[in-house]
Amino acid sequence: QMSVAVGQRLSMLGVVRTIGLAGLYRGFGLSCFQEVMGNGIGFLAVDVGSQLYRRLRDGAAPSPQDRGLIAAVGAMFVMTCVMPLDVVVKRLQVQGCPGHPIVYRGPIDAFSRISKEEGVGAFYRGLATTY
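We now turn to the structure provided with this report. (Residues numbered from 1 in each chain as written. Predicted model: local features only at pLDDT ≥ 70, side-chain atom pairs only at ≥ 80, totals over all residues. Heavy atoms only, no water.)

### Quick look at the nonpolar core
Within the largest apolar cluster, 11 residues are counted, these being Leu 30, Leu 85, Val 87, Val 88, Val 89, Leu 92, Tyr 104, Ala 110, Ile 114, Ala 122 and Phe 123. If you list the elements that add at least two residues to this core, you get helix 3 (64-94) and helix 4 (107-118). Looking at this core element by element, the count peaks at five residues for helix 3. Residues contacting Leu 85, with those up to four places away along its chain left out, are Leu 30, Phe 33, Gln 34 and Phe 111. (Core = buried A, V, L, I, M, F, W, Y, C linked by side-chain atoms within 4.5 Å. Buried < 20%, exposed > 50% of the residue type's maximum accessible area, 1.4 Å probe, protein only. Helix = DSSP H or I, 4+ residues; strand = E, 2+ residues; numbered from the N terminus. Contact = heavy atoms within 4.5 Å.)

Here it is as structure tokens:
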């Protein structure tokens with residue numbers, strides 16, 4: 001436990017020394033937006049899935065197993081929706097660190113450049129492993 005805490009402290013100091021105090025908060029606003037969107041979409045997906053289940057089953061409530069399946073499908077939908085935001089957040093966070101030059105001026109520039117230079121598929125690379 002102690003070594004993890006010391007490692008985290010040293011990592012934070014390394015970020016502050018390398019790119020300044022603002023480096024600890026790079027991508028924070030977009031990350032908060034991503035979380036709010038993900039939670040909203042997730043609740044909506046589960047609610048719609050539950051309503052659809054009831055409609056298809058003549059008003060019967062889903063069993064615990066079916067609720068779990070509905071939630072799993074909802075989570076997959078959420079990940080598909082917010083993955084582009086996650087890619088942009090991660091790229092903004094690492095740029096300026098050693099080995100990662102500053103490439104993007106902000107979230108909009110990152111979205112634009114990633115889609116133009118790498119294609120839309122770049123936003124979904126690795127998506128299957130998140131399911």
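Following the structure, the description resumes.
### Things to note about unusual backbone geometry
Leaving glycine out, the prevailing phi sign among residues is negative, and the prevailing peptide bond configuration is trans. Phi at Asp 58 takes a positive value of approximately 55°, unusual for a residue other than glycine. Within the secondary structure layout, Asp 58 lies in the loop between helix 2 (28-56) and helix 3.

### Quick look at the side chain of Gln 34
Residue placement: Gln 34 occurs in helix 2. By relative accessible area, which is 9% here, Gln 34 ends up buried. In this view, Gln 34 contacts Val 82, Leu 85, Asp 86 and Val 89; residues no more than four positions away in its chain are not counted.

### With respect to a nonpolar patch on the surface
Judged by side-chain polarity, Met 12, Val 16, Leu 21, Leu 24, Tyr 25 and Phe 28 come together as a nonpolar surface patch covering roughly 610 Å² of accessible area. Of note, Met 12 is situated in helix 1 (residues 2-19). When its relative accessible area of 48% is taken as the criterion, Met 12 is described as partly exposed. (Patch = residues over 30% accessible without salt bridge, like charges linked within 9 Å, V, L, I, M, F, W, Y side chains within 5 Å. Areas by Shrake-Rupley, 256 points an atom, 1.4 Å probe, with all protein chains shown as cover. Salt bridge = Lys/Arg side-chain N within 4 Å of Asp/Glu carboxyl O.)

### Structural notes on the environment of Val 15
When you line up the elements, Val 15 lands in helix 1. When the C-alpha atoms of Val 15 and Arg 55 are compared, they prove to be 53 Å apart, with 40 residues separating the residues in sequence. If we ignore the near neighbours within four places in the chain, the residues touching Val 15 are Gly 20, Gly 23 and Leu 24.

### A closer look at the pattern of salt bridges
Per the counting criterion, the structure on display carries five salt bridges. Among the salt bridges present, the one from Glu 118 reaches Arg 91, with a minimum N-O distance of 2.6 Å. Note that Glu 118 is positioned in helix 4 and Arg 91 in helix 3, a separation of 27 residues in sequence. Assessed through its relative accessible area of 22%, Arg 91 is described here as partly exposed. Residues Glu 118 and Arg 125 are paired through a salt bridge, measuring 3.7 Å at the closest nitrogen-oxygen approach. Salt bridges linked by common partners bring Arg 91, Glu 118 and Arg 125 together as one network.

On their own, these measurements won't tell you what the molecule is for.
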